[in-house]
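Each chain, written out:
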Number of protein chains: 2
Amino acid sequence: MPPTAESIEKRLAAFEQACRAAGLRLTHQRLEIYRQLALSRNHPTAEALYLELRKKIPTVSLDTVYRTLTTFASHGLINKVETIESQAHFEVTHEQHHHLICSRCKEIIDFEWRTVDDADLPEAVASWGRIDTRSVVVSGICRKCLP
Amino acid sequence: MPPTAESIEKRLAAFEQACRAAGLRLTHQRLEIYRQLALSRNHPTAEALYLELRKKIPTVSLDTVYRTLTTFASHGLINKVETIESQAHFEVTHEQHHHLICSRCKEIIDFEWRTVDDADLPEAVASWGRIDTRSVVVSGICRKCLP
DNA sequence: TTACTTGCAAAGCCTTTGCAGTAAA
DNA sequence: TTTACTGCAAAGGCTTTGCAAGTAA
């Protein structure tokens, strides 16, 4: 999972190929944005990437970073870390439950999943700190939105 | 899990008590905001609640709804549906993994959890539509941020 | 050359905040 | 009465968009 020197190279190669396949032009900015992201051990925001990037390409603009990340994500080249939209959604507090989200209509449904609630967390997680909540987000297309 | 007439009443009673315990004043707006949320089967946004609320309290303002929801959430009376912050975070696509988030420093760590990856989804979920991804978000306070 | 990308600037959306008036305790 | 809460208006942060100039193919 952590990026190593050679895994970056492999990733970049795969990336270039995927761009070609998708008909995306390989610009200097795109390559650097992808490389920067692939090098990141954390999960940077657009702005964090932008700040790093400016060291290499002083003229890049923040909007290009945004646009590029959106483009990459829409082609499945990168992921936006699981988030439910820019708008916050609320619920009254109740029993432990999880969420099912339709990526088309954005409807959010609750569901229960005891298997997960009762499962022991991996050791790496247990030693990370104090755990407060565990919640699964399952996403897909709901029946109403399927063709 | 779906709210029923009497469970609302129970919830409102518990809510009023919790407000008193927390030293929060019971205003008309707060009660109605809470009731509206408790009645919701979906997970409304502040704006959705506001639009409904205006039917009952025409003078209510959107900022009050925001402020009230924030207050409620900070007292644990309601939940903000799992989201990682207002800023989007990105990562290159790689193997199935999950996220560990420190609610203090907001650092996001990847981890693997085969138990969940391999577990069968509950039946209710399986019949919901087409599933694309399942991802666990575990939150808490990481060791570095613990006292 | 042609169509896609970029940088710039401005707008957009969601949310927060300062302030003065209002209402709960 | 006292202090917290509300509504208003304005600002703030993150993200998107229109447009003209630039560049990959």
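Residues numbered from 1 in each chain as written. Chains lettered and ligands numbered in written order. Predicted model: local features only at pLDDT ≥ 70, side-chain atom pairs only at ≥ 80, totals over all residues. Heavy atoms only, no water.

Some details on the overall build of chain A
Counted only if it meets this: Secondary structure follows DSSP: runs of H or I at least 4 residues long count as helices, runs of E at least 2 residues long count as strands, and numbering of each begins at the N terminus. Each residue's exposure class comes from its accessible area (1.4 Å probe, protein chains only) as a fraction of the maximum for that residue type: buried when under 20%, exposed when over 50%, partly exposed otherwise. By the convention used here, residues are in contact when the closest approach between their heavy atoms is within 4.5 Å. We get accessible surface area from the Shrake-Rupley algorithm with a probe of 1.4 Å; when it comes to residues, only the shown protein chains can shield them.
Tallying secondary structure elements over chain A gives six helices and five strands in all. Each helix and strand of chain A, ordered N terminal to C terminal, gives the series α-α-α-α-β-β-β-β-α-α-β. Counting only residues that meet the buried cut, chain A has 44% of its 147 residues in that class. Counted over contacts in chain A with a minimum sequence separation of 6, partners at least 24 positions apart contribute 45%. Accessible surface, chain A as shown: approximately 8,100 Å² in total, 49% of it carbon and sulfur.

Quick word on the relation of the copies chain A and chain B
The criterion, for reference: Our superposition of the copies is a least-squares fit, built on the C-alpha atoms of residues whose pLDDT is at least 70 in both.
Its rotation angle being 180°, the transformation that places chain A on chain B also includes 0.0 Å of axial translation and leaves an RMSD of 0.1 Å. Given the turn and translation reported, the copies of this chain are related as if by a two-fold rotation axis. Looking at the rotation axis and the C-alpha trace of chain A, the residue lying nearest is A:V136, at 2.1 Å. Of the interface residues in chain A, 100% have counterparts in chain B that sit at the interface too, so the contact is made through matching surfaces.

What to know about the side chain of A:S40
The line we're drawing: N or O atoms within 3.5 Å of each other form a polar contact, as long as, within protein, one can give a hydrogen and the other can take it, and as long as residues adjacent in sequence are counted only when both atoms are side-chain atoms.
As for its placement among the helices and strands, A:S40 is situated in the loop between α2 (28-39) and α3 (46-56). Polar contacts involving the side chain of A:S40 include one to the main-chain carbonyl oxygen of A:Q36, which spans 2.7 Å.

Some thoughts on the protein's contact with DNA strand C
Going by this rule: Throughout this document, a residue counts as near a molecule or strand when at least one of its heavy atoms sits within 4 Å of that molecule or strand.
Around DNA strand C lies a shell of 22 residues, among which A:Q29, A:R30, A:D63, A:T64 and B:Y66 are the nearest. Restricting attention to atoms of DNA strand C within 4 Å of the protein, one finds that 62% of them are sugar or phosphate atoms. Between DNA strand C and the protein, one listed contact pairs a phosphate oxygen with a side-chain N or O atom of A:T27 at 2.9 Å. B:L26 is positioned such that a nitrogen or oxygen atom in its backbone is 3.2 Å from a phosphate oxygen of DNA strand C.

Observations regarding the interface of chain A and chain B
Keep this limit in mind: Take a side-chain nitrogen of Lys or Arg and a carboxyl oxygen of Asp or Glu: if they are within 4 Å of each other, that pair is a salt bridge. What makes two strands pair is DSSP finding at least two bridges between them.
Listed by partner, the interface residues are 65 residues for chain A and 65 residues for chain B. Applying the counting criterion to the chain A and chain B interface returns zero salt bridges. Run the count over chain A and chain B and you get 16 residue pairs in polar contact (both at pLDDT 80 or more). At the level of secondary structure, the elements contributing two or more residues to the side of chain A that touches chain B comprise α2, α3, β1 (78-80), β2 (90-92), β3 (98-102), β4 (108-111), α5 (114-118) and β5 (129-142) of chain A. Sort the elements by how many residues they give to the side of chain A that touches chain B and β5(A) lands first, with 14 residues. Inspection of the sheet shows β5(A) paired to strand β5 (residues 129-142) of chain B by 13 bridges, in the antiparallel sense. Within β5(B), the position partnered with A:V137 by the bridge is B:S135.

Structural notes on the packing of helix α3 (residues 46-56) of chain B against helix α4 (residues 62-74) of chain B
All names here are of chain B. Applicable threshold: Every angle, taken between N-to-C directions, lies between 0 and 180 degrees, and every axis is a line fitted to C-alpha atoms, over only the stretch in contact when it is a helix. Put simply, angles under 35 degrees are roughly parallel, angles over 145 are roughly antiparallel, angles from 65 to 115 are roughly perpendicular, and the rest are oblique. Take the far helix as the reference: if the near one is turned anticlockwise from it by less than a right angle, the crossing is left-handed, and if turned clockwise, right-handed. Three residue categories are used. Nonpolar comprises Ala, Val, Leu, Ile, Met, Phe, Trp, Tyr, Cys and Pro, charged comprises Asp, Glu, Lys and Arg, and polar comprises the others, including Gly.
Where α3 contacts α4, the axes come no closer than 9 Å and their chain directions differ by 125°. Here α3 is positioned oblique relative to α4, judged by the angle of their axes. For the pair α3 and α4, the crossing hand works out as right-handed. Contact residues: α3 offers A46, E47, L49, Y50 and L53, while α4 offers L62, V65, Y66 and L69. In the contact of α3 with α4, the residues fall into eight nonpolar, no polar and one charged.

Description of the domain arrangement of chain A
Operational definition: For the domains described, the bounds stem from an automatic or database domain assignment.
What the domain assignment reports for chain A is domain 1 (5-92) and domain 2 (98-140). For domain 1 of chain A versus domain 2 of chain A, the separation of C-alpha centres amounts to 26 Å.

Focus on the packing of aromatic side chains
The condition that has to hold: Side-chain rings of Phe, Tyr and Trp (the six-membered ring for Trp) are treated as a pair once their centres are within 6.5 Å; stacked means planes under 30 degrees apart, edge-to-face means over 60, and tilted covers the remaining angles.
A full pass over the atoms with the stated rule returns eight aromatic pairs over all chains. Ring plane angle 70° and centroid distance 6.2 Å describe the contact between B:Y34 and B:F72, whose orientation is recorded as edge-to-face. Taken together, the positions of B:Y34 in helix α2 (residues 28-39) and B:F72 in helix α4 put the pair 38 residues apart, joining distant regions of the chain. What makes B:F72 buried here is its relative accessible area of 0%. Pairwise contacts between aromatic rings join A:F15, A:Y34 and A:F72 into one cluster.

What to know about the protein's contact with DNA strand D
Looking at DNA strand D, there are 21 residues lining it, with A:Y66, B:T27, B:R30, B:D63 and B:T64 nearest. Per the 4 Å cut-off to the protein, sugar and phosphate atoms form 63% of the nearby atoms of DNA strand D. B:T64 places a side-chain nitrogen or oxygen 2.7 Å from a phosphate oxygen of DNA strand D. Of all elements in the fold, only α4 (62-74) of chain A together with α2 and α4 of chain B reach the threshold of two or more residues within the surface near DNA strand D.

Some thoughts on the nonpolar core
Heads up, the condition is: Buried residues of nine kinds, namely Ala, Val, Leu, Ile, Met, Phe, Trp, Tyr and Cys, make up a nonpolar core once their side-chain atoms join them within 4.5 Å.
Formed by 28 residues in total, the largest nonpolar core has its most connected members in A:W113, A:V138, B:W113 and B:V138. Broken down by secondary-structure element, the contributors of at least two residues to this core are β3 and β5 of chain A together with β3 (98-102) and β5 of chain B. Excluding its chain neighbours within four sequence positions, the residues that come into contact with B:V138 are A:L121, A:V125, A:I131, A:T133, A:R134, B:H99, B:L100, B:I101 and B:F111.

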